[in-house]
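Structure at a glance
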Amino acid sequence: MAEEKKFSAEVYYKSSSVEWIVFIHGFGGSARTWKKQVGFFSKYYNLLVLEMHKGEVNEDLDLEKVCELIKNTLDHYQVGKANLLGFSFSSLICLRFAMLYPEKVNSLIMGGGIVRFNLKTRSLLFLAITFKRAINYMILYRFFAYVIMPKRNHKRSRVIFVNEAKKLGYDEFCKWLDIIPQTTNSLPWLDELDDTIKVLYVSGSQDYLFLKDTLKYSKRIRNSHVEVIDDCGHVCSIEQYDEFNNIVFKYLNKWYGI
């Protein structure tokens, strides 16, 4: 029997007596974008850090298939219920995963979380899809990185994500870009989420594209909580990683009492 397809992953195992955190990077990102989180949380938890662009899955993907591959990866590493830590676009992947496989999820932690695509972000998405074959993908990626992270204090995050995106290649970029429209009808998912799954959103106060909707619509999730980091942009897990880590650790510690 052929082995089920899965994503590449890095494993940091501490003990069978502690919980798992599964890190799911954003569009164009990699395990490297979680460097500051891995160094901190590996002291207390078992970590599974996905590499969804590495060792590429050589087939067309859709949102349901991505969720299936995540499940296969958890099963391969014998991860039962876990805390999923997503970032930006992958927060919507996490939300969909929790709907499809609630038995695998204790909590969802969304860094720079996206709840829905509004008119402005839908317009940006339309531009990206329209011009993906006419303009070099790195020109598009750099443009959107500046739109999402425009301020001087966002520069470090912007540079890291642009450098990681250079490793993607055009085909991988397009494959994942085409998945994004499948998440644009995400609001009904909030109402269908299992009530036992806890949800934490951590956003920067300067997350101009997504914070407003996060504050508004996350209230539809019964067990949700939002933390906002002052003077911080979209990529709060890099820009103010100490504050981000402390918020997440405090939240998890409330449930698991380390």
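Here, the structure is the one placed above.
None of the values given here were measured: they were computed from a predicted structure.

1. Some points on the overall build of the protein
When its secondary structure is counted, the protein shows 11 helices and 7 strands. Compactness check: the protein gives a C-alpha radius of gyration of 17 Å against a globular reference of 18 Å for 258 residues, within 12% of the reference. When the backbone C-alpha atoms are referred to their principal axes, the protein occupies close to 50 × 50 × 35 Å. Classification of the 258 residues of the protein by burial places 56% in the buried group. In the protein, 79% of the contacts between residues at least 6 apart in sequence involve partners at least 24 apart.

2. Topic: the pattern of salt bridges
Enumeration according to the criterion identifies 11 salt bridges in this entry. Salt-bridge contacts for lysine 104 lead to aspartate 75; the nearest nitrogen and oxygen are separated by 2.9 Å. Remark: aspartate 75 occurs in helix H2 (residues 63–76) and lysine 104 occurs in the loop between helix H3 (89–100) and strand E5 (105–111); sequence separation between them is 29 residues. The residue aspartate 178 makes a salt bridge to lysine 132 at a minimum N-O spacing of 2.5 Å. Remark: lysine 132 occurs in the loop between helix H4 (119–131) and helix H5 (137–148) and aspartate 178 occurs in the loop between helix H7 (170–177) and helix H8 (187–192); sequence separation between them is 46 residues.

3. Focus on the state of the cysteines
Tallied over the entire structure, the rule returns 0 disulfides. This cysteine, cysteine 67, is not joined by any disulfide, and cysteine 94 carries the nearest cysteine sulfur, 8.5 Å off. For cysteine 67, a relative accessible area of 0% translates into the label buried. On the basis of relative accessibility, which here comes to 0%, the residue cysteine 94 falls in the buried class.

4. Side note on helix H6 (residues 155–165)
Each α-helix turn comprises 3.6 residues. Residues three or four places apart therefore point the same way. Of all the residues in H6, the buried ones are Ser157, Arg158, Ile160, Phe161, Val162, Glu164 and Ala165. Against the buried residues of H6 lie strand E4 (82–87), H5 and helix H10 (236–239).

5. Structural notes on the environment of phenylalanine 117
Relative to the assigned elements, phenylalanine 117 resides in the loop between E5 and H4. Taking the C-alpha atoms as reference points, phenylalanine 117 and asparagine 185, separated by 68 residues in sequence, lie 8.1 Å from one another. Once residues within four sequence positions are removed from consideration, phenylalanine 117 is found in contact with Leu92, Arg122, Ile180, Thr183 and Thr184.

6. A few points about unusual backbone geometry
Phi at glutamine 78 takes a positive value of approximately 55°, unusual for a residue other than glycine. Following the sequence through the fold, glutamine 78 ends up in the loop between H2 and E4. Taking the relative accessible area as the measure of exposure, glutamine 78 reaches 73% and is therefore exposed. Here the phi dihedral of aspartate 231 falls at roughly 55°; this positive angle occurs in a residue that is not glycine. For aspartate 231, the location among the structural elements is in the loop between strand E7 (224–229) and H10. Overall, the relative accessible area of 56% leaves aspartate 231 in the exposed class.

7. A look at the environment of leucine 200
Looking at where leucine 200 falls in the secondary structure, it is placed in strand E6 (residues 198–204). Looking at leucine 200, the relative accessible area reads 1%, which means it is buried. In the structure, leucine 200 is positioned 47 residues away from isoleucine 247 in sequence and 9.6 Å away in space, judged by C-alpha atoms. Setting aside its immediate chain neighbours within four residues, leucine 200 contacts Leu108, Ile109, Met110, His225, Glu227, Ile247, Val248 and Tyr251.

8. Quick look at the pairing of strand E2 (residues 20–24)
Most of E2 is tucked away, with 5 of its 5 residues classed as buried. Alternating positions in E2 separate into two faces, Trp20, Val22 and Ile24 on one and Ile21 and Phe23 on the other, with burial throughout. Looking at chain direction, E2 and strand E3 (residues 46–51) are connected through 4 bridges and run parallel. When the sheet's bridge partners are listed, isoleucine 21 is paired in E3 with leucine 47. At this point the chain moves from E2, through helix H1 (residues 35–41), to the parallel E3, and the crossover so formed is right-handed. The pairing of E2 with E4 spans 4 bridges and is parallel. Along E4, the bridge assignment pairs isoleucine 21 with asparagine 83.

The rules behind these values
Residues numbered from 1 in each chain as written. Predicted model: local features only at pLDDT ≥ 70, side-chain atom pairs only at ≥ 80, totals over all residues. Heavy atoms only, no water. Helix = DSSP H or I, 4+ residues; strand = E, 2+ residues; numbered from the N terminus. Rg over C-alpha atoms; globule rule 2.2 N^0.38 Å. Buried < 20%, exposed > 50% of the residue type's maximum accessible area, 1.4 Å probe, protein only. Contact = heavy atoms within 4.5 Å. Salt bridge = Lys/Arg side-chain N within 4 Å of Asp/Glu carboxyl O. Disulfide = S-S within 2.5 Å. Pairing = 2+ DSSP bridges. Right-handed = clockwise from strand over helix to strand, strands pointing away.

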